[in-house]
Amino acid sequence: METTKTFRELGVSEEILRALEKKGVGLPTKVQEEAIPPLLEWKDVIAKAPTGTGKTFAFGIPMIEHIDASSDDLQGLILAPTRELALQIGDELNGLLPYYNQTIRVTVVYGGQRMEPQIKALARHPHIVVATPGRLTDHYNRKNLRLDKIKTVILDEADRMLDMGFFDDVTKILNKIKNRVNLGLFSATISQEVMTVSWMYQRDEVEITVNPTEESKPDIDQYSITVPRLEKEEAMLRILRSGAFERVIVFCNTKVMCQRLSDDLRRAGIQANCLHGDIKQATREKTMAAFRKGKLPVLIATDVASRGIDVDDVDGVINYDVPDENEYYIHRIGRTGRARKKGISFTLIGSFPEKAKLDEIAKFSGFTIVPMVFDEYGCLMPAPAEEKHPPRRKF
């Protein structure tokens, strides 16, 4: 389905239009086209949309448009499940602000960082706060910010946030925002917890669904590679050493495997680093900055740690482990093939249970995942059972 309206036709201000033009953003995506007008009209919205469809601008633009910059009140709150996603949202919002005559202040607060810098930032009276639920609760309990003037609340990646155990924190926060005008829920899936929050806090909500089969579906060639379990690392090294990719994300299911692969790759002479829950926040931020700037070619991550990795020019994704959940696969491969660019993903299969799980994922998602094997010369070729052969690739 093609987008039929421009940002100007959606009622966006000249300041935002100039910022979008500077960023090279042309027509709105489907979720932006459907979410911006009702949010501008102060309506509640519940939106189901895949990763990489432009959800941050879908809720960020209306929130910015509603800000009264002459006031020092905190007027907008965005809750995110992880620090990486919170930081990414903050960066995206700030990228929309350079042409406003009056300064609109955005502050990001999250766990894992010292309280003092965040307290100083909150003392400068931000108009919008992007936060993880636990750290926002800490600041509220210490009276570092007030919630009584907030008009708009957004829960981004609401399914993952509520699934991670933040349900009580989120509902307690919403209960404290007495003057809220509208609430937006943005999610890749509509889980039971998301439906419960909608039922408790939304009224006459506008429902938006963007299916992966729409024009927003990323352009990604998807392959599986069957190798003995003990040869997975060698298969990954062949792909990485091929020279075909400048920036790759490797996904693992556990923190232990994530750290082990990172160490092994560095010993093999490949610049790599990892993100997982045991990494200190300062190190995580330094790693992500290097990856975004193109100084780190290989990033290895667990699913939770990867939330908020929003880099447009990731060449490829390697699933070292088959993900535990169907939705994780969609989130993982969605890190490549962004901004209308071609992407590629490889999933390494080392056992029959992994093959069965990947078959289930393919059926659930509707994706075509082409089975490949290494031949005796180290070339990737279609598995013998495949009838339709993609071009042979040398790795």
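In what follows, the structure referred to is the one given above.
Read on for a plain summary of the structure.

### Structural notes on the pattern of salt bridges
Overall, the coordinates contain 17 salt bridges when judged by the stated rule. Across the pair K355 and D359 runs a salt bridge whose closest N-O atoms are separated by 3.0 Å. Within this pair, K355 and its partner D359 are both found in helix α14 (residues 352–365), separated by 4 residues, close to a single helical turn. According to the relative accessible area criterion, D359 is partly exposed, its value standing at 42%. Taken together, the shared-partner salt bridges connect R260, D264 and R267 into one network.

### Here we look at the pairing of strand β9 (residues 248–251)
Walk down a regular strand and you will see the side chains alternate between the two sheet faces. Covered by surrounding structure in β9 are V248 and V250 together with I249 and F251, the residues of both alternating faces. The pairing of β9 with strand β11 (residues 298–301) spans 4 bridges and is classified as parallel. Residue pairing in the sheet places F251 in a bridge with A301 of β11. Pairing geometry for β9 and strand β12 (residues 316–319), over 4 bridges, is parallel.

### Description of unusual backbone geometry
The backbone of W42 shows a phi angle near 65 degrees, a positive value even though the residue is not glycine. Note that W42 resides in the loop between α2 (30–40) and β1 (45–48). When its relative accessible area of 29% is taken as the criterion, W42 is described as partly exposed.

Thresholds, definitions, all that
- Residues numbered from 1 in each chain as written.
- Predicted model: local features only at pLDDT ≥ 70, side-chain atom pairs only at ≥ 80, totals over all residues.
- Heavy atoms only, no water.
- Salt bridge = Lys/Arg side-chain N within 4 Å of Asp/Glu carboxyl O.
- Helix = DSSP H or I, 4+ residues; strand = E, 2+ residues; numbered from the N terminus.
- Buried < 20%, exposed > 50% of the residue type's maximum accessible area, 1.4 Å probe, protein only.
- Pairing = 2+ DSSP bridges.

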